[in-house]
Amino acid sequence: HTRNSGSLIQVYQPNLDINSVERLNLINDLRQAIPCNQFELHFQPKLCLYSLKVTHVEALVRWTHPTLGMIPPDNFIPIAEKTGQIEGLTRWVFVAALMQCTEWNKLALDINISVNISAENLKESDFYEFVCQMMTIQNIKPQQITLEVTESSVVDDPKSAIKLLGKFKDYGFRISIDDYGTGYSSLAQLKQLPVHELKIDKSFIQRLERDLDDQIIVRSTIDLAHNMGLKVVAEGIEDEFSLLWLAQYNCEFAQGYFISRPKSASELTPWLLNPPK
Ligand code: C2E
Ligand code: CA
Ligand code: CA
Ligand code: CA
């Protein structure tokens, strides 16, 4: 039990780099984010390439840190996932999305909202019960909610993921496989997954105009999805070429900065009520 025996000494080494100190602070600050009301949802439209209407949006969480300002989700979601805080965060996001859905329904806007679900959430024993309970309390039809689950989180533990996603699908939720093409799922797994749509990762979409390999990958993914009865969302559309190209190859939905950045509800609502032609 002495401090200088074995590995314990490492804990007291002063050459701990600044990044780990910052990380520790961030872990603690993150615990305050929900009680201090520092999270906000932004929403990014998914344009339907058949109707050219926006009927679907993705909820993306934003954290305004009291001193550091806006911290991008890629910098705190992985921390939340490693420290057990993703459970509370996802639940906060889910309830906030349902509340926004209610607000839009009051304005006669029938919008489907996507919520990102982490691999860790799929392992919680009462996640399904929580979600169903909130749906009843908020009185939202499950057809208005999409659950986005990354391809890699399904690969983690395919058996139980398939089972849980099946329960969500039976309840009436729309299920989407996020970041498709980056998670090494097999076609055998894909065939078994109870999902409605594939969301092609933005790394294949961003350079479509210049990269012929990406064009081949995206075309075959769209065909594969359609042959399995799935719809396709492409994310990361940053130019007109990609948008027209995807429409030509019968991709159903397009999401990206070229169409709209993620916006706060107050910014997006007028846009939804009065869509640009
Ligand atoms: P994601 O689920 O793949 O979300 C798409 C990300 O791509 C978003 O970044 C979005 O702003 C960005 N994006 C959209 N269009 C474009 C484009 O045209 N070009 C480029 N370069 N990027 C585009 P964001 O909001 O920074 O979120 C990053 C990631 O953080 C998300 O990736 C998701 O994995 C995670 N995340 C965000 N919100 C939540 C949440 O509420 N819960 C969980 N579990 N994860 C979340
Ligand atoms: Ca997503
Ligand atoms: Ca994605
Ligand atoms: Ca991603």
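Predicted model, so just to flag it, every value in this text is computed and none were measured.

Draft legend 1. Just the packing of aromatic side chains, in detail. Under the criterion given, the structure shown has 10 aromatic pairs. Residues Trp63 and Phe76 carry aromatic rings whose centres are separated by 5.3 Å and whose planes lie at 80° to one another, so their mutual orientation is edge-to-face. One end of the pair, Trp63, is in strand S2 (residues 54-65); the other, Phe76, is in helix H3 (residues 73-82), and 13 residues separate them in sequence. Exposure remark for Trp63: the relative accessible area of 0% places this residue in the buried category. Note on Phe76: relative accessible area 0%, which makes it buried. An aromatic cluster of three or more residues is present, and its members are Phe127, Tyr128, Phe168, Tyr171 and Phe173. In this structure, Arg91 is placed above the aromatic ring of Phe130, and the distance from its NZ or CZ to the ring centre is 4.6 Å. Over the ring of Tyr257 we find Arg261, and its NZ or CZ is 3.8 Å from the ring centre.

Draft legend 2. Representation of the site of ligand 1. What surrounds ligand 1 is a group of 23 residues, the closest being Gln44, Arg62, Gln206, Glu238 and Tyr257. Interatomic distance of 2.5 Å between a side-chain N/O atom of Glu238 and a nitrogen atom of ligand 1. Starting from 790 Å² of accessible surface for ligand 1 in isolation, the protein chains cover 88%. Mapped onto the shell around ligand 1, the elements with two or more residues apiece are S2, H3, helix H4 (86-106) and strand S6 (174-180). Looking at the shell around ligand 1 element by element, the count peaks at 4 residues for S2. The residue makeup of the shell around ligand 1, split by class, is 9 nonpolar, 6 polar and 8 charged.

Draft legend 3. Expanded view of helix H12 (residues 265-273). Buried within H12 we find Ala265, Leu268, Thr269 and Leu272. The buried residues of H12 occupy an angular sector of 110° when projected down its axis, which confines them to one face. Contacts from the buried residues of H12 go to strand S1 (39-48), S2, H4 and strand S10 (263-264).

The rules we used
Residues numbered from 1 in each chain as written. Chains lettered and ligands numbered in written order. Predicted model: local features only at pLDDT ≥ 70, side-chain atom pairs only at ≥ 80, totals over all residues. Heavy atoms only, no water. Phe/Tyr/Trp six-rings, centres within 6.5 Å; stacked < 30°, edge-to-face > 60°. Helix = DSSP H or I, 4+ residues; strand = E, 2+ residues; numbered from the N terminus. Buried < 20%, exposed > 50% of the residue type's maximum accessible area, 1.4 Å probe, protein only. Lys NZ or Arg CZ within 6 Å of the ring centre and 35° of its normal. Near = heavy atom within 4 Å. Polar contact = N/O pair within 3.5 Å; in protein donor to acceptor, adjacent residues only side chain to side chain. Areas by Shrake-Rupley, 256 points an atom, 1.4 Å probe, with all protein chains shown as cover. Nonpolar A, V, L, I, M, F, W, Y, C, P; charged D, E, K, R; others polar. Arc of directions from axis to C-beta. Contact = heavy atoms within 4.5 Å.

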